Amino acid sequence: MKVGRNQIVTLEQFILDQERDFPYATGQLSKIIRDIVLACRIINREVNKAGLVDILGLTGDVNVQGEEVQKLDIFAHEQLVDALFKGGMVCVVGSEEQEDFLFNEGCEGKYIVLMDPLDGSSNIDVNVSIGTIFSIYRRRDYDADEVLKTDLLQRGSEQIAAGYVLYGSSTMLVYTTGNGVNGFTLDPSIGEFLLSHRNIRFPEQCHTYSVNEGHYRTFFEGTKQYLRHIKRDAKEPYSSRYIGSLVADFHRNLLKGGIFMYPGTTEKPEGKLRLTFEANSMAFIAEQAGGAASDGRKRILDILPKHLHQRTPLFVGNKEEVRKLEWYIKKYGNRAKYMADLKEDKAPPLANNSK
Ligand code: AHG
Ligand code: MN
Ligand code: MN
């Protein structure tokens, strides 16, 4: 998976090779990826100097979900919108930082980008990895004069590309156009993204789970039972790793094997993460890397969003692990039945692959 020495391939070279080899990797799509990367390089620069300049702190505003918005979120949003609209290929952008879709007036471009400009932004002031997440869709009715309602909210399975940029100890771009997942690391000395991780696949073994377990008591029974199972019954102990930045948590699990969970809770049954800006992109990448993504009952990529800021529970990572989790949710999803079973003192059944 890792690219060896003496095989230097720049992102630019990789994009050109892809265009030659795969007819659906059009020049327009490549241009959008280049535009996103350009914006992310500027965001990266600001993220890196965030501790040095007076850019930290809150704007005092709240975003449409009622959460605090930090200055860098807005900065990242503006850089991306600017790059995408000037690029001319993108007619509509949906952003976590904007309540409604943004239309690129007069643009004849056929593409729609949904994005989380800065993910994990509450981690900025403690110098922890953050990221940018994007999904690219094509207008459904390619020939219609105007953007139609059905173009705007498409299933994740309609994505033609998705990716993220991780601002970590190195800056990385990981993306897919539906033909496997590749990772590029920014070499700051030459200012280029170099292919560092070719055809990334989840490792077979999964011994890591990532969840904010502080919310345990509000988890539904299926999630609790799954967690109990992996802690109590697994032959080899799992490691718990949770950064609190989806991009960073997902990236680690993708390379090392693991499951990321942001479940629905009794307080927030739909969970916290957004289907459109966060879950779909990760789900597409996960599936392309041999993994799976589910809301606990169904495939994330099959959900038809009803509105732009829709949330969803998210379980994403090694396929077998996601399936196991779904098994527990199916088994214990009906809370009333579970409580009745408990009253009758029935021992909870174990999953097939328990010791
Ligand atoms: P954002 O900064 O875009 O609002 O996203 C934060 C998200 C995500 O990155 C992370 O997985 C999750 O919030 C962490 O939430 P908790 O602090 O509730 O665990
Ligand atoms: Mn986010
Ligand atoms: Mn964000």
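Everything in this summary refers to the structure shown in the same document. Every value quoted in this text rests on a predicted model; they were computed, and no experiment measured them. (Residues numbered from 1 in each chain as written. Chains lettered and ligands numbered in written order. Predicted model: local features only at pLDDT ≥ 70, side-chain atom pairs only at ≥ 80, totals over all residues. Heavy atoms only, no water.)

What to know about the sheet that holds strand β3 (residues 90-95)
With mixed pairing, 8 strands are arranged side by side in an open sheet as β4-β3-β5-β6-β7-β8-β9-β10. Of all strands in the sheet, those with a lone pairing partner are β4 (102-103) and β10 (192-197), marking the two edges. Of the strand pairs in this sheet, β3 and β4 are connected by 2 bridges, and their pairing is antiparallel. Residue pairing for β4: Val92 is matched across the bridge by Phe103. Together, β3, β5 (111-119), β6 (130-138), β7 (161-167), β8 (171-176), β9 (181-187) and β10 form the strand contacts of helix α2 (residues 27-48), whose direction differs from that of β6 by roughly 165 degrees. Along the sheet, helix α3 (residues 71-87) makes contact with β3, β4, β5 and β6, crossing β5 at roughly 155 degrees. (Pairing = 2+ DSSP bridges. Helix = DSSP H or I, 4+ residues; strand = E, 2+ residues; numbered from the N terminus. Contact = heavy atoms within 4.5 Å. Axes fitted to C-alpha atoms, helices over the stretch in contact; angles between N-to-C directions.)

Some words on the pattern of salt bridges
Evaluated as defined, the whole model comprises 17 salt bridges. Linking Asp82 and Lys86 is a salt bridge whose minimum nitrogen-to-oxygen distance equals 3.0 Å. Of the two residues, Asp82 and Lys86 both sit in helix α3, 4 residues apart, roughly one turn of that helix. Notably, a salt bridge pairs Arg299 with Glu287, separated by 2.8 Å at the nearest N-O pair. In this pair, Arg299 is assigned in the loop between β14 (291-294) and β15 (314-318) and Glu287 in helix α7 (residues 275-288), connecting sequence segments 12 residues apart. (Salt bridge = Lys/Arg side-chain N within 4 Å of Asp/Glu carboxyl O.)

Focus: the site of ligand 1
Around ligand 1 sit 17 residues in total, of which Asp119, Gly120, Asn212, Tyr242 and Tyr262 are the nearest. Measuring from an oxygen atom of ligand 1, one finds a side-chain N or O atom of Asp119 at 2.7 Å. Between ligand 1 and Leu246 there is a distance of 2.9 Å, counted from an oxygen atom to a backbone nitrogen or oxygen. Summarising the interface, the protein chains cover 85% of the accessible area of ligand 1, which totals 470 Å² for the free molecule. Mapped onto the shell around ligand 1, the elements with two or more residues apiece are β5 and β13 (259-262). Of all the elements, β5 adds the most residues to the shell around ligand 1, at 3 residues. Residues that form the shell around ligand 1 fall into these classes: 6 nonpolar, 5 polar and 6 charged. (Near = heavy atom within 4 Å. Polar contact = N/O pair within 3.5 Å; in protein donor to acceptor, adjacent residues only side chain to side chain. Areas by Shrake-Rupley, 256 points an atom, 1.4 Å probe, with all protein chains shown as cover. Nonpolar A, V, L, I, M, F, W, Y, C, P; charged D, E, K, R; others polar.)

Some details on the packing of aromatic side chains
Each aromatic ring pair is described using two quantities: the centre-to-centre distance and the angle formed by the ring planes. For the structure shown, the criterion picks out 9 aromatic pairs. Arranged with centres 5.9 Å apart and planes meeting at 85 degrees, the rings of Tyr164 and Phe250 form a pair that is edge-to-face. In this pair, Tyr164 is assigned in strand β7 and Phe250 in helix α6 (residues 246-256), connecting sequence segments 86 residues apart. You'll find Tyr164 and Phe250 in the same group, each marked buried. Among the aromatic residues, ring-to-ring pairing joins Tyr226, Trp327, Tyr328 and Tyr332 into one connected group. (Phe/Tyr/Trp six-rings, centres within 6.5 Å; stacked < 30°, edge-to-face > 60°. Buried < 20%, exposed > 50% of the residue type's maximum accessible area, 1.4 Å probe, protein only.)

A word on the nonpolar core
Of all hydrophobic cores here, the largest spans 41 residues; its most connected members are Ile136, Leu173 and Tyr175. Here this core gets 9 residues from one element, more than from any other, and that element is α2. Beyond its immediate chain neighbours, meaning those up to four positions away, Tyr175 contacts Leu11, Phe14, Ile15, Ile33, Phe134, Ala162, Gly163, Gly180, Val181, Asn182 and Phe184. (Core = buried A, V, L, I, M, F, W, Y, C linked by side-chain atoms within 4.5 Å.)

Section: the pairing of β13
Burial of the side chains of β13 extends over both faces: Ile259 and Met261 are buried on one face and Phe260 and Tyr262 on the other. Taken together, the 2 bridges between strand β11 (residues 208-210) and β13 define a ladder with parallel strand orientation. Bridged to Tyr209 within β13 is Ile259. Here β13 runs beside β15; their pairing, made up of 4 bridges, is antiparallel. Paired with Met261 across the strands is Phe315, a residue of β15.

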